[in-house]
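Coordinate inspection notes
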Amino acid sequence: MKNYSKIVWPRFPQYSTLASRRMIQADFKSRLKNVCRHLSHKDSGRSTISPAGMASSSGGITLKYQDSIPKYPVPPLHQTLQKYLRHYQPYVSGEEFDRAKKVVENFGKPGGTGELLQQKLEERRDSTENWLSEWWREGFLKQRSPNVLHSAPGSLMYPQPFRGVDEQTDYAALGIAALASTVSLLARRQFPPAELRGRPLCMDQYYTSVCSCRVPGRPMDSVFYHPIDRHDFFRHIVIIRRNHFFKLDILDEERLPLGLSDILEQLKIIVEKSREPALPVGLLTAQDRDSWADAYTTMKEDPTNAQSLLDIQSSAFIICLDDTKDFSDIKRKRQHDHRWLLCGGRSTENAGNRWFDKTFMISIGTNGECGIYGDHTMADGALVGAISDSVTKFMEEMDTGEEPNPRSLPPPKELEFVLTDDLIHAIEKTGEQLDRILDGYQIMEQKFKSFGKTLMKSYGLHPDGFVQVAIQLAYWRIHSWLPVVYETSSLQGFKLGRMDHLRPVSVESAEFVKTMEDSTVDPGRKLDKLMSALQVHKDLNAVSKAGQGAERHLFGLQRIAEENNVDASEFFQDQSWEKMSRVNIRASTGVGSMIKLTMSPVRYQPCTTGMWYSIRDDHLMISMNIMEGRSVLDLRQFMDALCVSLQDMMELASAAQKHKL
């Protein structure tokens with residue numbers, strides 16, 4: 001077994017928490033003002049999903065609009081089936097399309113299987129708050145592959161100007177104070193309700209992301225969730241440092257947040273108590289779910305372990321304080337940060353300094369790194385952007401000039417674990433497996449500097465559609481065929497709404513891609529094809545936001561057939577369904593002004609490339625990730641092709657604009 005006790009950890013000077021309290025405060029305030037003044041790389045555009053109270057002084061309690069938020073509808077069957085055929089059409093010949101059309105028509109005929117399933121789905125809609133939400137969660141909980149490096153996303157913040165343990169601790173104290181204020185507002189139902197372009201959004205995820213955690217089990221996992229606004233609320237977080245777990249209260253009995261100086265003092269105690277590394281118990285959460293379920297059952301038999309597990313699961317969130325490496329080479333630094341974000345790096349680095357089942361977990365390194373990681377079961381990526389912007393705003397506006405002296409509080413409680421030889425062996429084995437998977441990851445990021453959404457909009461180009469069509473053009477130029485693409489879209493405008501999946505490849509985008517590569521077609525006609533494709537994509541997003549998307553509806557029909565033992569194999573096992581289920585690229589845009597990039601592993605679906613992009617005012621941030629040997633794409637080739645396609649499409653629009661002038 002690896003001897004974790006012999007790992008060489010960097011040493012930093014430590015404070016004496018009692019004898020030098022006033023010196024600590026003066027030094028802290030000086031450094032903290034510097035951090036607040038230099039919150040770096042913040043983009044000018046805020047998240048498109050924001051608390052309404054940020055933009056208006058009218059305020060309002062958190063759930064004031066909750067009862068008025070509509071239920072997620074079930075679209076008409078015929079409408080969805082027609083959309084399904086349009087999504088399939090760009091990929092096949094006329095003969096194959098006609099064959100698939102007959103299958104679809106038979107499925108949707110009066111008195112047929114489709115109508116029966118539609119009726120049962122509508123009955124489910126009428127008897128539940130959201131007919132989709134439970135099935136959505138089950139989709140994650142039934143997965144048996146490891147959570148980390150397979151399905152759980154992470155967001156990397158722009159690097160911050162702090163170095164070393166002392167400044168890392170200062171920054172962590174500031175971040176915890178900001179998050180504690182957010183949790184306090186939620187607990188007291190004083191957090192302003194979120195909105196999107198004036199439309200109230202469901203606040204459920206703001207609550208389910210706090211004090212929640214995935215729990216391993218057979219044949220499927222479960223979820224621990226204890227709402228923060230209940231009378232018997234939990235008021236602590238968990239800090240993990242050098243594999244030590246600490247329980248730290250951040251709210252008082254009145255649900256009010258602890259002060260900044262109190263939090264700092266508690267963190268200093270944690271740093272002092274975790275000078276030497278502990279056994280990386282957190283690695284157990286990186287196992288496949290069945291193995292972790294068995295280990296979890298064994299662990300929980302011991303009362304000490306049971307209490308520690310409860311403290312982790314019931315915590316509002318987790319903060320991971322990591323010892324990270326500094327690199328002078330930018331390329332090596334990027335590769336390090338990518339892997340650090342996804343899993344903390346290798347098993348002998350920070351991978352054990354995690355609890356991968358937690359819904360909301362923030363990692364802070366000693367060289368300015370900051371990342372947000374979370375299990376996808378209870379919350380989606382749009383929420384991460386909204387909360388990160390809210391916390392950043394709080395940090396910017398915090399007055400650090402007159403912090404009161406810290407109170408005499410009980411020290412943080414270190415959580416204990418009693419581990420058998422089998423559990424220790426499982427930790428070692430899991431670390432080796434994680435390292436092998438991590439070594440096979442290919443991750444790439446690119447800052448496309450030529451233009452951003454400002455120029456796109458000046459030419460009347462829909463930014464998100466523009467990027468999605470460029471992805472298709474780049475893929476076509478490499479392979480001479482169109483990729484099957486998924487794009488996510490938020491359904492938070494509906495009660496308990498989660499995510500929809502869009503099909504960005506359309507008949508119109510396919511026509512543009514093929515026309516763009518035809519040298520005999522004049523630029524004016526090419527631009528017309530592009531504008532048609534962008535309009536279709538814009539309409540696709542609007543239809544999804546209205547709850548009329550096809551993908552979730554078809555998913556619901558499939559699930560209701562399974563639950564009622566209805567044979568729908570003629571449709572759901574047809575070759576058209578199988579083809580559309582083999583996704584080549586999962587490409588989505590992100591929000592959050594402080595988020596540099598997001599990565600969402602897709603290893604549980606072979607041959608899929610994960611892709612994320614953020615469209616800023618004057619540039620694009622793009623990230624891609626694949627498992628080695630599991631995709632037909634070469635990331636460098638595809639990234640280059642995408643950048644060229646973006647440039648070519650903009651030149652097409654620019655030339656047409658100049659011609660008009």
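Position numbers for residues count from 1 along each chain, tracking the sequence in the order it is written. Under the rules for a predicted model, residues below a pLDDT of 70 receive no local features and side-chain atom pairs below 80 are neither given nor counted, while totals for whole chains, interfaces and linings still include all residues. Heavy atoms throughout the structure, all of them, feed into the side-chain values; hydrogens and water do not.

**Overview of the packing of aromatic side chains**
A ring pair, where both rings are aromatic, is described by two values, the distance of the centres and the angle of the planes. Operational definition: Stacked, tilted and edge-to-face pairs are distinguished by plane angle, under 30 degrees for stacked and over 60 for edge-to-face with tilted covering the rest, among Phe, Tyr and Trp rings (Trp via its six-membered ring) whose centres lie within 6.5 Å. Here a helix means four or more residues in a row that DSSP labels H or I, a strand means two or more in a row labelled E, and each is numbered from the N terminus. Relative accessibility thresholds used throughout: buried, under 20% of the residue-type maximum; exposed, over 50%; partly exposed, between the two (1.4 Å probe, protein chains only). Should the NZ of a Lys or the CZ of an Arg lie within 6 Å of a ring centre and within 35 degrees of the ring normal, that charge is described as sitting over the ring.
Evaluated as defined, the whole model comprises 23 aromatic pairs. Where F245 meets W355, the ring centres are 5.8 Å apart and the plane angle is 90°; that geometry is what we call edge-to-face. Note that F245 is positioned in strand 8 (residues 244-249) and W355 in the loop between helix 12 (330-343) and strand 10 (361-364), a separation of 110 residues in sequence. The buried category is assigned to F245, whose relative accessible area is 1%. Take W355: its relative accessible area is 1%, and that puts it in the buried class. Measuring from ring centre to ring centre gives 5.5 Å for F245 and F417, while their planes differ by 75°; the resulting arrangement is edge-to-face. Placement of the pair is F245 in strand 8 and F417 in the loop between strand 12 (413-414) and helix 14 (421-439), with a sequence separation of 172 residues. Judged on exposure class, the residue F245 and its partner F417 are both buried. The aromatic ring of W135 is capped on one face by R124, whose charged end is 3.7 Å from the ring centroid. In this structure, R199 is placed above the aromatic ring of F494, and the distance from its NZ or CZ to the ring centre is 5.1 Å.

**A closer look at the pattern of salt bridges**
Where we set the bar: The term salt bridge refers to a side-chain nitrogen of Lys or Arg lying within 4 Å of a carboxyl oxygen of Asp or Glu.
Scanning the model with the defined rule gives 41 salt bridges in all. The network of salt bridges with shared partners includes R144, R214, R218, D221, R289, D290, D294, D357 and D375.

**Considering unusual backbone geometry**
Of note, the bond from R218 into P219 is cis; its omega dihedral lies within 30 degrees of zero at 0°. Counting through the fold element by element, P219 comes out in the loop between strand 5 (212-215) and strand 6 (222-225). Phi at L496 takes a positive value of approximately 60°, unusual for a residue other than glycine. Positive phi, close to 55°, is recorded for N565, a residue that is not glycine. Within the fold, N565 resides in the loop between helix 19 (551-563) and helix 20 (569-572).

**Overview of the pairing of strand 15 (residues 499-502)**
We apply this condition: DSSP bridges decide pairing: two strands pair if at least two such bridges lie between them.
Residues of strand 15 alternate between two faces, with M499 and H501 on one and D500 and L502 on the opposite face, all of them buried. Two elements, strand 14 (residues 485-490) and strand 15, share four bridges in a ladder whose sense is antiparallel. Bridging across to strand 15, S490 finds its partner in M499.

**Quick word on the sheet that holds strand 2 (residues 154-157)**
The criterion, for reference: Contacts were defined at the residue level, with two residues in contact if any of their heavy atoms lie within 4.5 Å. Structural elements are reduced to axes, namely lines fitted to C-alpha atoms, with helices fitted over the stretch in contact, and the angle between N-to-C directions of any two is expressed from 0 to 180 degrees.
A sheet is described by the order of its strands in space; here eight strands give the open sequence 12-8-7-9-10-11-2-17, paired in mixed fashion. Unpaired on one side and paired on the other, strand 12 and strand 17 (595-599) mark the two borders of the sheet. The pairing of strand 8 with strand 12 spans two bridges and is antiparallel. Paired with K247 across the bridge in strand 12 is K413. Where helix 12 meets the sheet, it contacts strand 2, strand 10, strand 11 (370-373) and strand 17, and its direction lies at approximately 35° from that of strand 11.

**Remarks on the pairing of strand 6**
Relative to strand 6, strand 5 runs antiparallel, the two being bridged by four bridges. Across the sheet, the residue bridging to V215 is S222, located in strand 6. Here strand 5 folds back onto strand 6 in antiparallel fashion, the turn holding six residues.

**Notes on the sheet that holds strand 16 (residues 585-589)**
Ordered in space as 13-19-18-16-14-15, the six strands form an open sheet in which the pairing is mixed. Of all the strands in the sheet, the pair left with one neighbour each is strand 13 (441-448) and strand 15. Looking at each pair of strands side by side, their axes are set apart by 20° on average, direction ignored. Taken together, the five bridges between strand 16 and strand 18 (residues 609-615) define a ladder with parallel strand orientation.

**Considerations on the confidence of the model for the chain**
Rules: Values of pLDDT, the confidence the predictor places in each residue, fall between 0 and 100.
Looking at the chain, pLDDT values average 87 and 87% of them are 70 or higher. Considering only residues more than four positions removed or in separate chains, one finds that residues 1-29, a stretch of pLDDT under 50, has 56 contacts. Within the model, the stretch residues 35-60 combines pLDDT values under 50 with 68 contacts to residues more than four positions away or in other chains.

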